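Results of the structural survey
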Amino acid sequence: MKVLVIGGGGREHALAWKLTQSPRVQEVLVAPGNAGTARESGCRNVAIGADDIEGLLRLAREERVDFTVVGPEAPLVQGVVDAFQAAGLACFGPNRSAAQLEASKAYTKAFLERHQIPTGRYATFTEADAACEWIRAHGAPIVVKADGLAAGKGVVVALDEATALNAVHDMLALGDEHAKVVVEEFLEGEEASYIVVADGEDFIAFPASQDHKRVGDGDAGPNTGGMGAYSPAPVVTPEVARRVEETIIRPTLRGLAADGVHFTGFLYAGLMIGPDGEARVLEFNVRMGDPETQPLLMRLSSDLLTLLEAAVEHRLDEVQPTWDTRAALGVVLAAQGYPASTRKGDVIHGLDLPFGSNVKVFHAGTTLDGDGAVRTYGGRVLCVCALGDSTASAQTAAYAAIRQIRWEGMHFRSDIGWRAIS
């Protein structure tokens, strides 16, 4: 089989890497890919953007692609799956209607409220004055979210009213008549990511994972797209997982079906687990998380293609993935300036050194220059992942590998996995 992976980040490198391990896969095309997928055995980059739906369709036809996996959210929201299905091509991911769960936070909060799925209190605004009045009435800490896609950075957790008010004005300052902000209560607890593969009715859950959103150690500084992740997440006990599936995942799939929306793809529930073990939804994504994908796929022992095919063909009840019992942990290495404006073009050293069989370096914001050197080409550049008998041993292995990698301005958190370890 020939498989196409749409996207060019760390998530897509991990998906392509795992798909090449299927005995039925001859080649994985990655559009547009990065330096990591260019160097990955069994992969071939194609210079077509993830948002070029017509170009992707043309590629799939010309290359006789048997199966397509969509990595990022933007093409899903644009309807890439709808286009592939209309052309009779097998494509894994939710259609445009289902992708609204990520495309609009206002839509999602209204959906959760309508179907009585646990989440925090909220209000949606198009005018700054009304939003600021609500903030003053409820006080801080409080959370302000831009309504649309923001690459994981459209959320401000405001510890004081002034920060919240400034966030509202920033998010509505562009004068877009359709701009909205969602203001919601600050929930106490520990965050976790719960990702399932769904086929509209059935689902198969991945092991729980935990992301680290803040840029600095100790969860300090601004939000990012994610500075590292690990799996399993001890906060999601078997009992918590059971409650999440019964009170959040199943009701969400039933609610979507009741609304006339068929959801096939990765459903990612960003959760806050309270001190009492109750889970509430912070957000939904309609694709695998990044950087959660990288450690999760390190732990997947079975064939990823078989699982995704079963979802597209509505026969998830016939498959059962298997998982490595070891922990996996990934640390994001970022470019100078991230999460603000970043510098591109720095040469990355150390990638060809031996890291051992339990370590994998996934590329995100990288590119190959004419002489084969790997250079930085984005904010989050690499994700260094390791397996270990415990989260602590996986952490030790990942940071040992990081000591071999360098470029000017490289920075990373030194405490990924601290909650699990403590």
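The sections below set out a description of the structure shown in this document. Predicted model, so just to flag it, every value in this text is computed and none were measured.

Scanning the protein from terminus to terminus reveals 14 helices and 22 strands. Scaling as 2.2 N^0.38, a compact globule of 422 residues should have a C-alpha radius of gyration of about 22 Å, and the protein matches this with 21 Å. Along the longest, intermediate and shortest principal axes, the C-alpha atoms of the protein span 60 × 45 × 45 Å. Within the protein, the proportion of its 422 residues that are buried is 58%. Within the protein, contacts between residues at least 6 apart in sequence are counted, and of these 69% link residues at least 24 apart.

With that settled, the discussion passes to the packing of aromatic side chains. By the definition in use, this model includes seven aromatic pairs. With a centroid separation of 5.3 Å and 75 degrees between ring planes, the pair formed by Trp-17 and Phe-362 is classed as edge-to-face. Of this pair, Trp-17 sits in helix H1 (residues 10-19) while Phe-362 sits in strand E19 (residues 359-363); the two residues are 345 residues apart in sequence, bridging distant segments of the chain. The pair Trp-17 / Phe-362 is uniform in exposure class, with both members buried. Seen from their ring centres, Phe-206 and Phe-266 are 6.1 Å apart, and the 85 degrees between their planes marks the pair as edge-to-face. Taken together, the positions of Phe-206 in the loop between strand E11 (203-205) and strand E12 (210-211) and Phe-266 in strand E16 (residues 264-273) put the pair 60 residues apart, joining distant regions of the chain.

With antiparallel pairing, the four strands of this open sheet are ordered in space as E6-E9-E7-E8. Because the sheet does not close on itself, it has two edges, and the strands there are strand E6 (122-125) and strand E8 (155-158). Between one strand and the next, the sheet's axes are offset by a mean angle of 20 degrees, whatever the strand orientation. As paired strands, E6 and strand E9 (residues 181-185) are joined by four bridges and run antiparallel to one another. Bridging across to E9, Tyr-122 finds its partner in Glu-184.

In the contact formed by helix H8 (residues 128-138) and helix H9 (residues 161-172), the axes pass within 10 Å of each other and the chain directions differ by 160 degrees. Of the possible angle classes, the one that applies to H8 and H9 is roughly antiparallel. H8 and H9 meet at a crossing whose hand is right-handed. Across from Ala-128, Ala-131, Cys-132, Ile-135 and Arg-136 in H8, the residues of H9 making contact are Glu-161, Ala-164, Leu-165, Val-168, His-169 and Leu-172. When the residues that make up the contact of H8 with H9 are grouped by side-chain class, the tally is eight nonpolar, one polar and two charged.

Restricting attention to buried positions, one finds in H8 the residues Ala-128, Ala-131, Cys-132, Trp-134 and Ile-135. Taken down its axis, H8 places every buried residue within 160 degrees of arc, on the same side. Opposite its buried face, H8 presents the exposed residues Asp-129, Glu-133, Arg-136 and Ala-137, each directed more than 90 degrees away. Buried-residue contacts for H8 involve E6, strand E7 (142-146), H9 and E9. Just downstream of H8 lies Gly-139, where phi reads positive at about 75 degrees.

Attention now goes to the sheet that holds strand E5 (residues 91-92). Strand order across the open sheet formed by five strands is E3-E2-E1-E4-E5, with parallel pairing between neighbours. With one partner strand each, in any of the chains shown, strand E3 (43-45) and E5 form the two edges of the open sheet. Strand direction decides the pairing type here: strand E2 (residues 27-32) and E3, joined by three bridges, are parallel. In the strand pairing of E3, Val-28 is matched with Cys-43. Against the sheet, H1 contacts strand E1 (2-7), E2, E3 and strand E4 (67-70), and its axis sits at roughly 170 degrees relative to E1. The sheet contacts of helix H12 (residues 304-312) involve E1, E4 and E5, and relative to E4 the element is tilted by about 95 degrees.

Turning our attention to the nonpolar core. What tends to happen in soluble globular proteins is that the nonpolar side chains get buried as a cluster. Counting residues in hydrophobic clusters, the biggest one holds 54 residues, and the most contacted among them are Val-80, Phe-84, Tyr-194, Ile-248, Ile-249, Phe-263 and Leu-271. With seven residues, the top contributor of residues to this core is helix H10 (residues 238-258). Counting 39 residues, the second-largest nonpolar core is a separate cluster that includes Trp-17, Leu-19, Phe-67 and Leu-387.

Thresholds applied
Residues numbered from 1 in each chain as written. Predicted model: local features only at pLDDT ≥ 70, side-chain atom pairs only at ≥ 80, totals over all residues. Heavy atoms only, no water. Helix = DSSP H or I, 4+ residues; strand = E, 2+ residues; numbered from the N terminus. Rg over C-alpha atoms; globule rule 2.2 N^0.38 Å. Buried < 20%, exposed > 50% of the residue type's maximum accessible area, 1.4 Å probe, protein only. Contact = heavy atoms within 4.5 Å. Phe/Tyr/Trp six-rings, centres within 6.5 Å; stacked < 30°, edge-to-face > 60°. Pairing = 2+ DSSP bridges. Axes fitted to C-alpha atoms, helices over the stretch in contact; angles between N-to-C directions. Parallel < 35°, antiparallel > 145°, perpendicular 65-115°, else oblique. Left-handed = near helix turned anticlockwise from the far one by under 90°. Nonpolar A, V, L, I, M, F, W, Y, C, P; charged D, E, K, R; others polar. Arc of directions from axis to C-beta. Core = buried A, V, L, I, M, F, W, Y, C linked by side-chain atoms within 4.5 Å.

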